[in-house]
Amino acid sequence: MTDTTDKTAQKILRANDRGGYTVPTPGLYPYQWNWDSAFAALGFATFDLNRAWQEVETLFQGQWTDGFLPHIVFRVDEPSYFPGPSIWRTGVTPPTSGITQPPVVATVVRALFEQDNNRDRLEALYPKILAWHRWFATYRDPLNNGLVMTSHPWETGRDNSPEWDVPARGVDSSKVEPYERRDLGHVDSDMRPKKDDYDRYIAILEFGRSVGWNHKTIAEKGPFRVLDVGLSFILLRANRDLLALAEALSRSDDVDFLRDRIELAEYGVSYLWDEAIGAFCSRDLIADKSSGMCTSTSFLALYADVGSVDQRARLFENFKRIATTTRYMLPSTDPHHSAFDSKRYWRGPVWAVVNLMAAIGFYEQGYALEADRIREDTLSLIKKAGFFEAFDPISGEGTGGPDFTWTAAVWLYWSGLGQHFKDDIGEMV
Ligand code: GLC
């Protein structure tokens with residue numbers, strides 16, 4: 001029997017607290033991660049709102065002067081993790097990585113603000129979030145169509161999704177400096193990326209380092225450049241939430257910028273539509289080719305409120321096909337694809353945070369049955385296995401690290417709060 005009460009979930013958040021910020025899980029991920037902290041804030045908001053705001057505030061201590069918000073903030077040097085600050089060498093204080101992660105922060109901050117109306121805290125955070133969204137517009141929109149280009153698989157948050165297999169093939173990893181992985185000391189190697197993939201991750205990192213983390217050069221010449229469906233949907237949604245905050249603060253100067261970004265992306269997403277698959281798919285910019293894969297993030301189309309009636313119908317065919325053969329939704333990779341692997345990181349397992357966003361989108365757009373299925377499967381997985389990092393969609397076993405911050409946060413959100421979305425969806429909590 002697993003112990004999955006709200007109390008245990010709260011204890012996990014407290015235990016992973018390192019003094020104003022949380023680590024995703026001790027050992028395997030001993031620093032502050034970008035989108036992990038955003039979800040952690042949603043969890044804290046169910047029992048300690050002050051601490052929820054603080055989680056986002058400490059994340060922004062790692063922001064660069066040009067608005068860039070890194071995927072990891074390293075405040076201490078932890079030998080249990082590779083690649084740490086001495087590998088990234090970004091030269092900033094506090095030390096950080098040189099790549100970013102999915103921008104869920106604006107959406108979360110909107111939820112916090114709607115809960116406690118704390119104008120002072122919002123006033124302080126708002127310009128920082130806007131600067132980050134402007135950074136995306138400046139450096140990560142190469143086609144000027146509102147879609148987000150990723151420069152490293154880790155930026156997407158879906159580190160080793162098979163979507164990156166083909167685009168990463170062009171990355172030369174023959175000159176990677178010798179290194180020792182640390183993840184395999186914490187988690188079974190069957191669950192973690194394979195060596196060839198890891199070599200490429202490090203080669204891409206070394207490219208960024210070799211150009212002094214100049215994001216313009218990385219965007220133009222980086223060895224890995226992919227339009228990511230997840231980042232694109234998440235930023236579109238986040239721009240809408242930031243627009244609502246801009247209006248709440250009467251920042252009329254920013255409203256036009258945000259409206260433009262939203263409109264661009266609403267049209268731009270059609271570029272990611274893959275008619276053969278019936279889903280929005282990531283697209284390799286270098287080869288100009290669709291990944292041809294329906295993944296869990298393809299279903300974030302509803303969260304981003306995009307897709308024509310026909311496109312949504314196709315997407316739902318995919319949903320039904322997967323849902324009828326898979327015990328636990330949403331597998332990160334289509335189980336009918338040859339790359340599916342039920343245990344290996346983003347090649348199959350279910351992630352509670354993707355499920356949360358997907359279910360929110362389904363509820364908002366009136367697909368309560370599908371949303372309920374996603375939410376119930378997520379809670380069943382946690383009840384069965386505990387607060388794991390991810391879960392095998394077939395057997396329901398926990399995968400990756402235990403006592404995971406964002407899994408505990410999603411549990412708390414679904415068991416207790418959901419305020420931000422409650423008005424729209426009624427039945428969500
Ligand atoms: C893994 C995940 C990433 C997450 C990080 C910390 O790298 O792929 O999405 O942010 O772990 O939990």
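Refer to the preceding data block for the structure.
Note that the coordinates shown come from a computational prediction; the quantities given were computed from them, not determined experimentally.

Asks: Explain helix H8 (residues 195-210) to me, please; I cannot follow it from the model alone.
Replies: Each α-helix winds once per 3.6 residues, and so residues spaced three or four apart point in a common direction. With 16 residues, H8 extends 22 Å from end C-alpha to end C-alpha; this agrees with the ideal 22 Å at 1.5 Å per step. Across the 16 residues of H8, 12 count as buried, placing the element largely inside the fold. The set of residues buried in H8 consists of Asp197, Tyr198, Asp199, Arg200, Tyr201, Ile202, Ala203, Ile204, Leu205, Glu206, Gly208 and Arg209. Considering only its buried residues, H8 is in contact with helix H4 (85-88), helix H7 (165-169) and helix H9 (215-221).

Asks: I tried to follow a negative patch on the surface on my own but got confused; where do I start?
Replies: Where like charges cluster on the molecular surface, the negative patch consists of Asp253, Asp256, Asp260 and Glu263. Aspartate 256 sits in the exposed class, given a relative accessible area of 52%.

Asks: Help me understand the site of the ligand, please; the structure alone is not making it clear to me.
Replies: Around the ligand sit Pro24, Tyr29, Trp33, Trp35, Asp36, Gln101, Gly157, Asp159, Trp346, Glu389, Phe404 and Trp406, and those are all the residues in its vicinity. At a separation of 3.1 Å, an oxygen atom of the ligand approaches a polar side-chain atom of tryptophan 35. Between the ligand and glycine 157, the relevant distance is 2.6 Å, taken from an oxygen atom to a main-chain nitrogen or oxygen of the residue. Using a 2 Å cut-off from the grid points, one finds that the ligand occupies the largest cavity. Taken together, the residues of the shell around the ligand break down into seven nonpolar, two polar and three charged.

Asks: I would appreciate a short explanation of the environment of threonine 217 in the present structure.
Replies: Relative to the elements of secondary structure, threonine 217 occurs in helix H9. Residue classification places threonine 217 among the partly exposed residues on the basis of a relative accessible area of 21%. Sequence separation of threonine 217 and tyrosine 139 is 78 residues, and the distance between their C-alpha atoms is 9.4 Å. Threonine 217 has contacts with Val211 and Gly222, leaving out every residue within four places of it along the chain.

Asks: It is not clear to me how the nonpolar core should be interpreted in this structure. Could you clarify?
Replies: The nonpolar side chains of a soluble globular protein tend to be buried with one another. Phe39, Val105, Val109, Tyr126, Phe233, Phe280 and Phe362 are the most contacted members of the largest nonpolar core, which totals 137 residues. Counting residues per element, this core draws most heavily on helix H10 (residues 229-248), which supplies 11 residues.

Asks: Is there a simple way to explain empty space enclosed by the protein in this structure?
Replies: In this approach the atoms are scanned with a rolling probe the size of a water molecule, which exposes any empty space left behind. Evaluated as defined, the whole model comprises three cavities of 30 Å³ or more. Here the largest cavity is characterised by a volume of approximately 320 Å³. Lining of the largest cavity is provided by 26 residues; of these, Tyr29, Trp33, Asp159, Tyr345 and Glu389 occupy positions nearest its centre. Only helix H2 (34-44) and H8 provide two or more residues apiece to the lining of the largest cavity. Residues that form the lining of the largest cavity fall into these classes: 16 nonpolar, four polar and six charged.

Asks: Can you help me understand the packing of helix H5 (residues 105-116) against helix H6 (residues 119-139) in this one?
Replies: In helix packing, the relevant descriptors are the interaxial angle and the interaxial distance, both defined with respect to the helix axes. In contact at an axis separation of 11 Å, H5 and H6 are set at 165 degrees when each is read in the N-to-C sense. Judged by the inter-axis angle, H5 sits roughly antiparallel to H6. With respect to the hand of their crossing, H5 and H6 are arranged in left-handed fashion. Across from Val105, Ala106, Val109 and Phe113 in H5, the residues of H6 making contact are Arg119, Leu122, Leu125, Ile129, Trp132 and His133. In terms of residue class, the contact of H5 with H6 is built from eight nonpolar, one polar and one charged.

Asks: Even after reading the chapter, I still don't get the pattern of salt bridges, so can you show me in this structure?
Replies: Side chains that differ in sign of charge can pair as their charged atoms come close. Scanning the entire structure with this criterion turns up 37 salt bridges. Connected through shared salt-bridge partners, Arg110, Glu114, Arg237, Asp241 and Glu364 make up one network.

Asks: Would you explain the packing of aromatic side chains in this entry?
Replies: A ring pair, where both rings are aromatic, is described by two values, the distance of the centres and the angle of the planes. Evaluation of the coordinates by the stated rule reveals 35 aromatic pairs. Ring centres 5.7 Å apart and planes at 75 degrees place the aromatic pair tyrosine 345 and tryptophan 351 in the edge-to-face group. We note that tyrosine 345, like tryptophan 351, is buried. Aromatic side chains phenylalanine 362 and tyrosine 367 sit 6.3 Å apart centroid to centroid with 70 degrees between the ring planes, which places their arrangement in the edge-to-face category. Tyrosine 367 gets classed as partly exposed once you look at its relative accessible area, which sits at 25%. A network of ring pairs unites the aromatic residues Tyr29, Tyr31, Trp33, Trp35, Phe39, Phe74, Tyr81, Phe404 and Trp406 as a single cluster. The cationic tip of arginine 134 hangs over the ring face of phenylalanine 257; the distance from NZ or CZ to the ring centre is 4.2 Å. Of note, arginine 283 hangs over the ring of tyrosine 271, and the distance from its end group to the ring centre comes to 5.1 Å.

Asks: What's the story with the side chain of aspartate 254 in this structure? I'm lost.
Replies: Structurally, aspartate 254 is set in helix H11 (residues 252-268). The residues touching aspartate 254, leaving out its near neighbours within four places in the chain, are Tyr126, Leu130 and Arg134.

Here is what the cut-offs are and how they apply
Residues numbered from 1 in each chain as written. Predicted model: local features only at pLDDT ≥ 70, side-chain atom pairs only at ≥ 80, totals over all residues. Heavy atoms only, no water. Helix = DSSP H or I, 4+ residues; strand = E, 2+ residues; numbered from the N terminus. Expected span 1.5 Å × (residues − 1). Buried < 20%, exposed > 50% of the residue type's maximum accessible area, 1.4 Å probe, protein only. Contact = heavy atoms within 4.5 Å. Patch = residues over 30% accessible without salt bridge, like charges linked within 9 Å, V, L, I, M, F, W, Y side chains within 5 Å. Areas by Shrake-Rupley, 256 points an atom, 1.4 Å probe, with all protein chains shown as cover. Salt bridge = Lys/Arg side-chain N within 4 Å of Asp/Glu carboxyl O. Lys, Arg positive; Asp, Glu negative; His and termini not counted. Charge placed at Lys NZ, Arg CZ, Asp CG, Glu CD. Near = heavy atom within 4 Å. Polar contact = N/O pair within 3.5 Å; in protein donor to acceptor, adjacent residues only side chain to side chain. 1 Å grid on protein atoms, 1.4 Å probe; cavity = no way out; pocket = protein on both sides within 12 Å on 5 of 7 lines; lining within 4 Å. Sits in = over half its atoms within 2 Å of the grid points. Nonpolar A, V, L, I, M, F, W, Y, C, P; charged D, E, K, R; others polar. Core = buried A, V, L, I, M, F, W, Y, C linked by side-chain atoms within 4.5 Å. Points joined across faces, edges and corners; volume = space filled by probe spheres on them. Axes fitted to C-alpha atoms, helices over the stretch in contact; angles between N-to-C directions. Parallel < 35°, antiparallel > 145°, perpendicular 65-115°, else oblique. Left-handed = near helix turned anticlockwise from the far one by under 90°. Phe/Tyr/Trp six-rings, centres within 6.5 Å; stacked < 30°, edge-to-face > 60°. Lys NZ or Arg CZ within 6 Å of the ring centre and 35° of its normal.

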